[in-house]
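Observations on chain architecture
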Amino acid sequence: MTYSKVNCSNAPNTRPSLPRERTSKMSDEALDELTERFGTSDKPLQPDIVSELKSIMRLYGLSVSDMFFKWESYCIKMDMDTKTSLDSMRAFKQDLQDALERSTRTQANVKTEKRVGATPRTVAKNNSGDVFGMLDNMTTPGPGRSTKLSSARKRHLETPSVSRMKAVPASSPLKIEDQLNSLGAILPSSFNNRQNPGEVIEVLNEQLPAPEPPIAPIGESRIKLTAGSDQKKLAYKPLFMKLSEVSEILDGRIEEFAKIAMDYHNIEESAFGSAARKDTNEVVAVGRIACDSAEGRLNAASLVLETSRSMGNAFRVPLNLKQLKGHQFFPGQIVALRGSNTTGREFTVNEVLEIPLLPNAASDAPTLEAHRNRLRGGPDAMDSDSDPAPLNILFASGPYTADDNLDFEPLHTLCIRAADTYTDALVLTGPFIDSEHPMIASGDFDLPDDVVGQLGSFDPDSATMATVFKCFISPALNRLVAANPHVTILLIPSVRDVIDNHPSWPQDAFPKRDLGLSKAVKIIGNPMSLKINEAVLGISSQDVLYELRQEELVGGRPADPMLLSRLARYLIEQRHYFPLFPPTDRRRLPKTGTEEGVPPGAMLDVSYLKLGEILSVRPDILVLPSSLPAFAKVVESVLVINPGYLSKRRGAGTYARMTLYPPDLSQIEATPGGMMAHKVFERARVEITRI
C-alpha cells in the first residue's frame, strides 16, 4: 500500500466538525464542572475567569479535575485562599507556563549531555543496575564544576520560589529531577545535605523569649500526666461494625446537637421541625450536611441536609442557600438551620444558628500552685521569688524516614536535639513503621548489623515488625532517655502503623512489651485527651485537616476566610477529632511510595465514633499533624499546632517546639469562684522548625 503526499497549505479545511448540539452539550458540561470545582457560591463564575480557565485547559491539555488539583497545590504553595479572581488565575497560568519552560529546558539539556560522547562519565559504585546511582553523576563536569551534588541542585527538590527561579540560569543542566518526577521516581535523598537545618520558619507569640536550655538535667520529671480519655474503651474489637449500631451513632449525634442548640438559643421544642416536610412556617431543622451522590463532590447544587429518624424520618432534602451572605459546610457537619420548605422540594435556609463552644479549661488555685512548684524541679528545689523555668515540649509526626532508606536519620536528629536541650517532653505521632513505605511494603530491606548484634540470639526467619521497631526506632528513644533520664516520651499510633494490630480509628495503643522501650516511654491511644500538668492536650494522628480541605464547600463571605484556621475551627465547633463523614476517598489523598500509590485512608469504625469526641472542655493545645503546611495558630482560645511531617518522601521535614511559661497566680483572686482559665495560647511560644 502506498501513500501520496498532499499539500494542504491552500486546501480547504476538511476536518469534520462536531454537530452544534453536541458541541453545546460538551461546553455546558465543562462549564458545570468548572463552576462545581472553582465556584465559591451558587453564583456562576465570571465570564473572564471561565475564559481564562478554558484557555489553561486548552493550552496545557488538562482536564477540569487535573487543573483543579494543580490550582490547589498552587494555592498551598503561595499560602493563599482558593477564592478565584482574574489576577490569581493569570498568576496561576504564568506559574504553569514557567513549570513547562523549566521542563523543556531540562529535556534539551539532557539531550545535549547525551551528544557529548568524548567526556568520560563517572560509573556507579556498584553494578547493580541502580538507575538512581547513575543519575547522580549524569551531569558532565565542566571547568570549575564538581560532580558532587551541590546545594543549588538540592534546592530544586522542593517547589522553588520566584526568587530561586530567577537565580537559576536558563541553561542549567542540574534539574534532572523534573524528568524523574514525570516517571514517578524518587531522587535519592541525602539527609546530611538538607537545606537550612534548624531554621525556624514560623513563630507564634514571638514576644515571649526563647529560654536557654539548662546546663544539666533536672533531678526529677517536671511533668505530671493525667488521662482525659478512657483508653480502655479503645481496646474494642475492630472490623465488627453493625448497620444498626452505625445508624444509632449517627442519629444520636444529630439529636445531641439539637438539644445543645435548643438550650443555647432558648428555643421552644415546638419550633423544631423536619426540613423535608412541606410547610410555609419557619422552623429550625437540625441535621447532617451530606452530598446527594456517593461519588460526587459537595457543591451548592449537590448540598443536602440529612435528618435523623426521630426528627425527619432520615429523609434528605436539598438546601437553598441564596438567602445567606456566606457559608462554609463539609460532609458530616451537624448544623442547626432556620428556614422553610414551602415547595416540598427544597429547604430555603435563612440563618445558620451558632453551635456553642465547649467551655475553656480552668483550674483552681491549689492545683495551679502545685504545678508551678513542680516546674522548680521537685520538693528539694530551692525556693525562689523568680518564676520557674518554662516547660520545653517537642511535637513531631511520622513518617520518620525518607522513601529511599530506612536510616531514620530525622528521628535520630530530633532525639539528639531533645537530649541537648534537656527537653521535658517529646510527643511523637505515627506512623513509626509506615505500611506505605516502599521498602516496608515490599519487605526488601535488611536490619542494621550493629543493632542485630545487640539482640543476642537472633533468627531472621522469626523476625516480626516488632523486631523492626526494636532495631530502627527504639535505639534513638533509649539513647534520649539515657542522656535525660527524666524526659517524658509519648507515642501515638497511626492507622498506617504496621506494628499496631488495631487497624481502625479510633485506635488503641500498640503493645509495648516486645519493643525494647524504656519505662519513660508511654504509648497512648489515637485520639487522646490528656493533661500535661494543668494544660489540656488533645491529639490525633489522622490527617483530618487535609481531608476537610478536600471536602469543604465555601461560598460568599464565610465567617473565617483564612483556610488553616477555618479547618481547625471545624473540629472545635463540632467537638470531634474527626467530624468529617464520610471520609475522603483514599484515591484523592496524597500519593504514597508503594506500587499502588494509594494510602489506606481514614479507616473509620463508625460504631465507635463517640470515642473520638472532645469531652467536657476545649483543649488548651490541639495537635493535628497534616500534609498541609506546618503552622501554629490560636483558634477560639485553642492553640492549634500542625508540626508537619518530620520526613517527607524525598527530604527532611519539620517539627514544633513549644515553650510553655507558668501561669500568673496573681490573677486568681479576681476570678469568680477561685477558678482560673489556663490561657495557654497567651503564655506558649511555638516555633515551627526544620529538622
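Look up a bit, the structure's there.
The present account deals with the structure reproduced in this document. (Residues numbered from 1 in each chain as written. Predicted model: local features only at pLDDT ≥ 70, side-chain atom pairs only at ≥ 80, totals over all residues. Heavy atoms only, no water.)

**Examining the pairing of strand β15 (residues 535–539)**
- Of all five residues making up β15, five are buried, and the element is well covered by its neighbours.
- Neither face of β15 is open: one carries Ala-535, Leu-537 and Ile-539, the other Val-536 and Gly-538, and all of them are buried.
- By the bridge criterion, five bridges tie strand β14 (residues 528–532) to β15 in an arrangement that is antiparallel. Residue pairing in the sheet places Leu-530 in a bridge with Leu-537 of β15. (Buried < 20%, exposed > 50% of the residue type's maximum accessible area, 1.4 Å probe, protein only. Helix = DSSP H or I, 4+ residues; strand = E, 2+ residues; numbered from the N terminus. Pairing = 2+ DSSP bridges.)

**A look at the sheet that holds strand β11 (residues 425–429)**
- Here we have seven strands laid out as an open sheet, ordered β1-β24-β22-β10-β11-β12-β13, and mixed in their pairing. Strands at the two margins of the open sheet, each flanked by one partner only, are β1 (200–204) and β13 (521–523). Here the strands of the sheet are splayed against their neighbours by 20 degrees on average, with no regard to which way each runs.
- In terms of strand pairing, strand β10 (residues 391–397) meets β11 through five bridges, oriented parallel. Among the inter-strand pairings, Ile-393 is bridged to a residue of β11, identified as Ala-425.
- Against the sheet, helix α12 (residues 409–420) engages β10, β11 and β22 (654–660), with an angle of about 160 degrees to β11. (Axes fitted to C-alpha atoms, helices over the stretch in contact; angles between N-to-C directions. Contact = heavy atoms within 4.5 Å.)

**Topic: the layout of surface pockets**
- Here the second largest pocket defines a volume of roughly 650 Å³.
- Forming the walls of the second largest pocket are 31 residues, and the residues nearest its centre are Ser-293, Ala-294, Glu-295, Gly-296 and Pro-582.
- Elements with a contribution of two residues or more to the lining of the second largest pocket: α1 (20–38), α3 (64–77), α9 (243–265) and β3 (279–291).
- Among the residues making up the lining of the second largest pocket, the classes are represented as eleven nonpolar, six polar and 14 charged. (1 Å grid on protein atoms, 1.4 Å probe; cavity = no way out; pocket = protein on both sides within 12 Å on 5 of 7 lines; lining within 4 Å. Points joined across faces, edges and corners; volume = space filled by probe spheres on them. Nonpolar A, V, L, I, M, F, W, Y, C, P; charged D, E, K, R; others polar.)

**Description of the environment of Glu-248**
- Along the chain, the position of Glu-248 falls in helix α9.
- Its relative accessible area of 52% is what places Glu-248 among the exposed residues.
- C-alpha of Glu-248 to C-alpha of Arg-309: the two residues are 61 residues apart in sequence and 9.3 Å apart in space.

**Describing the nonpolar core**
- Within the largest apolar cluster, 41 residues are counted, with the highest numbers of intra-cluster contacts made by Leu-414, Leu-426, Leu-428, Phe-469, Leu-477, Ile-489 and Leu-491.
- Elements that contribute at least two residues to this core include exactly β10, α12, β11, α15 (465–472), α16 (474–483), β12 (488–492) and β13.
- The dominant element in this core, judged by the number of residues it contributes, is α12, at five residues.
- Dropping the residues within four chain positions of it, Leu-414 is found in contact with Leu-394, Ala-396, Leu-426, Leu-428, Leu-646, Tyr-655 and Ile-691. (Core = buried A, V, L, I, M, F, W, Y, C linked by side-chain atoms within 4.5 Å.)

**A closer look at the environment of Pro-388**
- On the secondary structure map, Pro-388 appears in the loop between α11 (365–374) and β10.
- Classification of Pro-388 as buried rests on a relative accessible area of 7%.
- The sequence separation of Pro-388 and Arg-372 amounts to 16 residues, and the corresponding C-alpha distance is 7.3 Å.
- Contact partners of Pro-388, with chain neighbours within four places excluded, come to Arg-372, Leu-375, Arg-376 and Pro-662.

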